[in-house]
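Summary of the model geometry
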Amino acid sequence: MHRIILHVDMDAFYASIEQRDHPEYRGRPVVVGAGPNERGVVAASSYEARRFGIHSAMPSREAGRRCPHAVFVPVNMARYVEVSQQIAAILSRFTPLVEPLSLDEAFLDVSGGAALFGDGAAIARQIKTAIRAETQLTASVGVAHNMFLAKLASDLDKPDGLTLVPEDPAEILAFLAPLPVGRLWGVGKVTRPKLEAAGYRTIGDIQRADPALLGSLVGRDAAAHFKRLARGEDDRELELDGEEKSISREYTFDVDCESKDVIRGVLMDLVDDVGRQLRKAGRYAGVARLKLRWKGFETITRQRPFASPACDDFSLRTAAEGLFEAETIDQPVRLVGFGVSRLQAEPRQQLDLFADAAGPADSKRERLNRTVDSLRDRLGDATIGRASALPRKDGPRH
Amino acid sequence: MKIVIGKDAVMTGLQLVHGVVGARPTLPVLSNVLLQAQEDRLWLTTTDLEVTMRCAVEAKVAKAGATTLPAKRILSIMRELPADNIEIETDEKHSSSITCGSSFFKILGLSVDDFPPVPKYEGGHVFTLEQRVLKEMLQKTSYAASADETRYILNGTLMSFKANKLTMVATDGRRLALTEHELEFPKEAETDAIVPTKAVNELLRVLKDDGAVKVHLSKNQAGFEFDDVLLITKLIEGTYPNFRQVIPSQCDQRITVEREAFLIALKRVALLTSEKSSSIKLAFGKNKLKISASSPDVGEAHETVSIKYAGKEIAVAFNPDYVIEPLRNLANDEIYVELTDELSPGVIKCDVPFIYVLMPMRVS
């Protein structure tokens, strides 16, 4: 069947809600997040603020410098969640096939909706009208026959945009060709400079690239992936299950931290927290992920798969330690985070040859952790813990 | 250095050694191939500090000398040049002029002094066997090695020279492949070496079917010398797990299967496995094997293969790759599958010294 995919992206979502709820903010630069004299970052900014070069994840102090007369408002997440649910309800009137990506964007598969609502463009217009009428907010919508193109399109005509991607393969090529290479999924901070240095600046450059040459630059699999995307091909399906896809925790140091021991200690606390949440959810994780943000806001994430899906703290800690020890802490760390993803309902089913040699069986460790969890649930978190998490005699650990 | 070399000769040399050069070397000079010209020979050397590969090809040496040049780039230039004589001349600033017909390239190199010295043999023992034998033994086992860095001791293939036999083993902790070959050597030469997967893959790529290979083994290094090629690798240090203990001494049931038919059917049915459900079910009945797979979000597949079997019905689930890989790397027409029950190790054997043990998957 011919697919019709919509990507609905709310325009400056948090900031627009604040402007709607506070008429006095309208037409003024609005920055949602930490105050201009506080430590913290911009969570969102209105279009007026963006004109001053303010963008999300920028330190608020920097935003204050760029635009001292901006309105700084704290994040009111409960309110945004409420509005997000209102929008989700609107989207679900058009199709049950909705994959929310975050509070302010979602994919819709409306392939089956033509008889009821008209073609993709007609559905997109109805969605925009309904959102505006019921929430006084605007959304930008991309219409295409796959997810990659739809998401790319929604971003081309913001705010309040509606972009239709052509269906004819030759027209798709022409549509994509002038766009910068950074628009391809998977081309980010690392890959983009590499591609640009080699002369691949636009998607058109990738379309014309020799697969072997591109492969020698970014690896064969990535090259094939970029070539496909550059032709506008993407056959991924929407992920519809509402189950949690990842669990993560992070911690921002009050004062940037340079001590590897202190960071490791905090990381282990985060790991325990994630482990407990994971066990509570009754899931097993396939991948562990470490996040470090340096003083200068540069952030790195490193991940590695578990040899077998795990939910016990021992496996999680080993993974976190492995990722952490591989990093050189040569500058102060501002934030440390740990997360798990590729969650599944069952532990690994593959049996081991050297069961006895590999230490205690996973199931034994899992039982131990579950016992500790139930003790903590009943008697409080301080009941039982790792000895290494206790304050040392020579002072608090962090 | 100034040489004239045929395109075929230089390509042969570069293709032999370029595989060692990694995508992101830790030192700039490790991207380069060391070229040394003397006495009608051009020696080419590459290294990643773990594995070093060296070979010699014929060349007319007008002026002996050496340089280093970026390996991948030189390979791509040579590949595109016409099949003719190529002149390479190096100046004192490490840049080389490459001339072929009317084509001219000037390539910047790095100083020979920066290039790590080729490791030397220190003591140890030397074993000689046919290249074909070494290659076949590696083919039959090396795919079973682990790629999980947390199990580094399993990130290679064990070569155990004991009791006048070379035993080769690879395992990832869930399946294990073993093969043996009789070989004469003195008792005091008995030794074990775990050869890292990268070196194994290079050996598989460059070993030929004819001629002998000399294997030099010392405590932490192995050298493989054949024709005009030398591969030296660091060994994985540590004690390999006791693999003998996981090989079942006896299984209850023995099934004879035609390898090719089994392999093709497995490959087809395995198309219906997914990340969520990665197992394949083998149901052995009287002279009949039913292979099936199902994936909740994709669909299902099954296929029946004729076998020789008169024992009790037995069904067991495996990771399909764990069954496909040994079959793909064997050449026998018939293989034997030995099983006890759905949770005990399965064994694949054939009429050559080869044994493969694999653990089933538990399915609910």
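The notes below deal with the structure included here.

Bringing the overall build of chain B into the picture now. What chain B contains, in helices and strands, is six helices and 25 strands. Counting all 364 residues of chain B, 51% fall into the buried class. Taking as baseline every contact in chain B between residues at least 6 positions apart, the subset at least 24 positions apart corresponds to 65%. Of the roughly 17,400 Å² of accessible surface on chain B, 47% is carried by carbon and sulfur atoms.

Take the interface of chain B and chain A next. Across the boundary between the two partners, chain B contributes 24 residues, which contact 12 residues of chain A. Taken over both partners, the interface formed by chain B and chain A buries close to 1,600 Å², and the fraction arising from carbon and sulfur atoms is 58%. When the buried area of chain B at its contact with chain A is split by residue, Arg174, Met359 and Arg362 of chain B rank highest and sum to 31% of it. Taken together, the links from chain B to chain A amount to one salt bridge. Linking arginine 174 of chain B and aspartate 352 of chain A is a salt bridge whose minimum nitrogen-to-oxygen distance equals 3.9 Å.

Take the sheet that holds strand 11 (residues 299-310) of chain A next. Residue and element names in this part refer to chain A. Strand order in this open sheet of four strands is 9-12-10-11, and the pairing throughout is antiparallel. Unpaired on one side and paired on the other, strand 9 (246-257) and strand 11 mark the two borders of the sheet. Averaged over neighbouring strand pairs, the angle between their axes works out to 15° when direction is ignored. Bridging between strand 9 and strand 12 (residues 333-344) involves eight bridges; their strand directions are antiparallel. Considered in strand 12, the bridge of arginine 249 is made with phenylalanine 338. Helix-sheet contacts for helix 14 (residues 313-325) involve strand 10 (284-294), strand 11 and strand 12, and the interaxial angle to strand 11 is about 145°.

Turning next to the layout of surface pockets. Taking a probe equal in size to a water molecule and rolling it over the atoms shows the remaining empty space. Its volume calculated, the second largest pocket comes out at about 1,200 Å³. Forming the boundary of the second largest pocket are 32 residues, of which Leu213, Ser216 and Leu217 of chain A together with Lys72 and Arg73 of chain B lie nearest the centre. Of all the secondary-structure elements, those providing two or more residues to the lining of the second largest pocket are helix 11 (211-218) of chain A together with helix 2 (71-80) and strand 9 (103-108) of chain B. Counting residues per element, the lining of the second largest pocket draws most heavily on helix 2 of chain B, at eight residues.

All names here are of chain B. Overall, antiparallel pairing links the 12 strands, which are arranged 14-11-12-13-25-24-23-18-21-20-19-22 in an open sheet. Whereas interior strands pair on both sides, the edge strands pair on one side only; in this sheet they are strand 14 (191-196) and strand 22 (314-318). For this sheet, the mean inter-axis angle between neighbouring strands, taken without regard to orientation, is 25°. The pairing of strand 23 (residues 334-339) with strand 24 (residues 346-349) spans three bridges and is classified as antiparallel. Residue pairing across strands places valine 337 opposite isoleucine 348, the latter belonging to strand 24. Together, strand 11 (156-162) and strand 14 form the strand contacts of helix 4 (residues 197-206), whose direction differs from that of strand 14 by roughly 85°. With respect to the sheet, helix 5 (residues 259-269) is in contact with strand 18 (253-258), strand 19 (280-285), strand 20 (288-295), strand 21 (299-308) and strand 23, its orientation differing from that of strand 21 by roughly 170°.

Where burial is concerned, most of helix 1 (residues 13-21) of chain A is hidden: eight out of the nine residues are buried. Those residues of helix 1 of chain A lying buried are Phe13, Tyr14, Ala15, Ser16, Ile17, Glu18, Gln19 and Arg20 of chain A.

It is worth spelling out the nonpolar core at this point. Residue and element names in this part refer to chain B. Counting 61 residues, the largest nonpolar core has Met78 and Phe224 as the members making the most contacts within it. The residues that make up this core include at least three from each of domain 1 (2-114) and domain 2 (125-244). Leave out the neighbours within four places in its chain, and phenylalanine 224 touches Leu134, Met159, Val195, Leu203, Val213, Lys214, Val215, Val229, Leu230, Leu231 and Thr233. Counting residues in hydrophobic clusters, the runner-up holds 39 residues, among them Ile255, Leu263, Leu272 and Leu282.

What follows covers empty space enclosed by the protein. All names here are of chain B. The tally for this structure, following the rule as stated, stands at four cavities of 30 Å³ or more. The calculated volume of the largest cavity comes to roughly 50 Å³. Phe262, Leu282, Phe318, Val323, Val337, Leu339, Ile348 and Leu358 are the residues that line the largest cavity.

Another aspect to go through is the packing of helix 13 (residues 260-280) of chain A against helix 14 of chain A. Helix-helix packing is characterised by the crossing angle of the two axes and by the distance between the axes. All names here are of chain A. The geometry of helix 13 relative to helix 14 is characterised by a closest axis approach of 9 Å and an angle of 145° between their N-to-C directions. As helix 13 packs across helix 14, the resulting crossing turns out to be right-handed. Contact with helix 13, carried on its side by Lys260, Ile263, Arg264, Leu267, Met268, Val271, Asp272, Val274, Gly275, Leu278 and Arg279, involves Asp313, Leu316, Arg317, Ala320, Glu321, Phe324 and Glu325 of helix 14 and no other residues of that element. Considered class by class, the residues forming the contact of helix 13 with helix 14 number nine nonpolar, one polar and eight charged.

In this structure the tally under the stated criterion is 12 aromatic pairs over all chains. For the ring pair phenylalanine 127 of chain B and phenylalanine 161 of chain B, a centre distance of 3.9 Å and an interplane angle of 15° mean the geometry is stacked. Residue phenylalanine 127 of chain B is found in strand 10 (residues 125-130), and its partner phenylalanine 161 of chain B is found in strand 11; the two are separated by 34 residues along the sequence. Its relative accessible area of 1% is what places phenylalanine 161 of chain B among the buried residues. Pairing tyrosine 143 of chain B with tyrosine 356 of chain B gives two aromatic rings, centres 6.3 Å apart and planes at 35°, and the pair type is tilted. Pair noted here: tyrosine 143 of chain B is in the loop between helix 3 (131-141) and strand 11 and tyrosine 356 of chain B is in strand 25 (residues 354-358), with a separation of 213 residues, a long-range link. Taking the relative accessible area as the measure of exposure, tyrosine 143 of chain B reaches 15% and is therefore buried. These aromatic residues form a ring-pair network of at least three members: Phe13, Tyr14 and Tyr80 of chain A.

A word on the pattern of salt bridges. In this structure the tally under the stated criterion is 45 salt bridges over all chains. A salt bridge links aspartate 160 of chain A to arginine 132 of chain A, with the shortest nitrogen-to-oxygen separation between them at 2.6 Å. Remark: arginine 132 of chain A occurs in helix 6 (residues 120-135) and aspartate 160 of chain A occurs in the loop between helix 7 (147-154) and strand 8 (162-164); sequence separation between them is 28 residues. A salt bridge links aspartate 209 of chain B to lysine 135 of chain B; the shortest N-O distance between them is 3.9 Å. Taken together, the positions of aspartate 209 of chain B in the loop between helix 4 and strand 15 (212-217) and lysine 135 of chain B in helix 3 put the pair 74 residues apart, joining distant regions of the chain. Relative accessible area serves as the criterion here: at 49%, aspartate 209 of chain B is assigned to the partly exposed category.

Cut-offs used in this document
Residues numbered from 1 in each chain as written. Chains lettered and ligands numbered in written order. Predicted model: local features only at pLDDT ≥ 70, side-chain atom pairs only at ≥ 80, totals over all residues. Heavy atoms only, no water. Helix = DSSP H or I, 4+ residues; strand = E, 2+ residues; numbered from the N terminus. Buried < 20%, exposed > 50% of the residue type's maximum accessible area, 1.4 Å probe, protein only. Contact = heavy atoms within 4.5 Å. Areas by Shrake-Rupley, 256 points an atom, 1.4 Å probe, with all protein chains shown as cover. Buried area = accessible area lost by both parts, 1.4 Å probe. Salt bridge = Lys/Arg side-chain N within 4 Å of Asp/Glu carboxyl O. Pairing = 2+ DSSP bridges. Axes fitted to C-alpha atoms, helices over the stretch in contact; angles between N-to-C directions. 1 Å grid on protein atoms, 1.4 Å probe; cavity = no way out; pocket = protein on both sides within 12 Å on 5 of 7 lines; lining within 4 Å. Points joined across faces, edges and corners; volume = space filled by probe spheres on them. Core = buried A, V, L, I, M, F, W, Y, C linked by side-chain atoms within 4.5 Å. Domains from an automatic or database assignment. Left-handed = near helix turned anticlockwise from the far one by under 90°. Nonpolar A, V, L, I, M, F, W, Y, C, P; charged D, E, K, R; others polar. Phe/Tyr/Trp six-rings, centres within 6.5 Å; stacked < 30°, edge-to-face > 60°.

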